[in-house]
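Structural overview for review
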Amino acid sequence: MQQQNEMSSVNQAQPMPQVPNIVSTKDQLYISDMLSWNLIACKKAHFFAQNCQTPEIQAALEEAGQMHQRHYNKILNHLNSQQQQTN
């Protein structure tokens, strides 16, 4: 019974009225992971595209790599714009 009460209180949590001005260690680690995941995916897609003999698959792999590179750059641009706003 107590577990059900705890679950209902978690589901009723209200969103933050304002984003905090700090980045927690957990947030920083997650951002670092996101950058790493996208960079690794970009590099792997490019590597496999270079070693692929089928043009259609090669093009799809290059496109996937470019997508991950765009995501990586978007995250970096967002972080840089936030840093400039705080300075």
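The structure contained in this document is the topic of the report that follows. Note that this is a predicted model, so its numbers are computed, not measured. (Residues numbered from 1 in each chain as written. Predicted model: local features only at pLDDT ≥ 70, side-chain atom pairs only at ≥ 80, totals over all residues. Heavy atoms only, no water.)

**Considering the side chain of N38**
Rules: Secondary structure counts use DSSP, requiring at least four H or I residues in a row for a helix and at least two E residues in a row for a strand, with both numbered from the N terminus. Exposure is judged per residue with a 1.4 Å probe applied to protein chains only, and the accessible area is read against the type maximum: over 50% gives exposed, under 20% gives buried, and values in between give partly exposed. Definition of a polar contact: a pair of N or O atoms within 3.5 Å, with one able to donate and the other able to accept a hydrogen when the atoms are protein atoms, and with sequence-neighbouring residues admitted only if both atoms are side-chain atoms. Contact between two residues is taken to exist if any of their heavy atoms lie within 4.5 Å; hydrogens are not considered.
Within the element layout of this structure, N38 appears in helix α2 (residues 25-50). A relative accessible area of 12% means that N38 is categorised as buried. Only 3.2 Å separates the side chain of N38 from the side chain of H68, close enough to count as a polar contact. Dropping the residues within four chain positions of it, N38 is found in contact with H68, H71, Y72 and I75.

**Some points on the packing of α2 against helix α3 (residues 55-86)**
Operational definition: Simply put, an axis is a line fit to the C-alpha atoms, just over the touching stretch for a helix, and the angle between two N-to-C directions goes from 0 to 180 degrees. Any angle that falls under 35 degrees is termed roughly parallel, while one over 145 is termed roughly antiparallel, one within 65 to 115 roughly perpendicular, and all others oblique. Crossing chirality is assigned from the near helix's rotation relative to the far helix, an anticlockwise turn below a right angle marking it left-handed and a clockwise turn marking it right-handed. All residues other than Ala, Val, Leu, Ile, Met, Phe, Trp, Tyr, Cys, Pro, Asp, Glu, Lys and Arg, Gly among them, are scored as polar; the first ten of these are nonpolar and the last four charged.
Two elements in contact, α2 and α3, have axes whose closest approach is 8 Å; the angle formed by their N-to-C orientations is 155°. With respect to α3, the axis of α2 lies roughly antiparallel. Both α2 and α3 take part in a crossing whose hand is left-handed. Counted together, I31, M34, L35, N38, L39, A41, C42, A45, H46, F48, A49 and Q50 of α2 and Q58, L61, E62, A64, G65, H68, Q69, H71, Y72, I75, L76 and L79 of α3 form the full contact between these two elements. A per-class count over the contact of α2 with α3 returns 15 nonpolar, eight polar and one charged.

**Let's talk about the environment of L79**
Note on placement: L79 falls in helix α3. Taking the C-alpha atoms as reference points, L79 and I31, separated by 48 residues in sequence, lie 9.4 Å from one another.

**Focus: the environment of Q66**
Its location among the elements puts Q66 in helix α3. For Q66, a relative accessible area of 43% gives the class partly exposed. For the pair formed by Q66 and K43, sequence separation is 23 residues and the distance between their alpha carbons is 9.6 Å.

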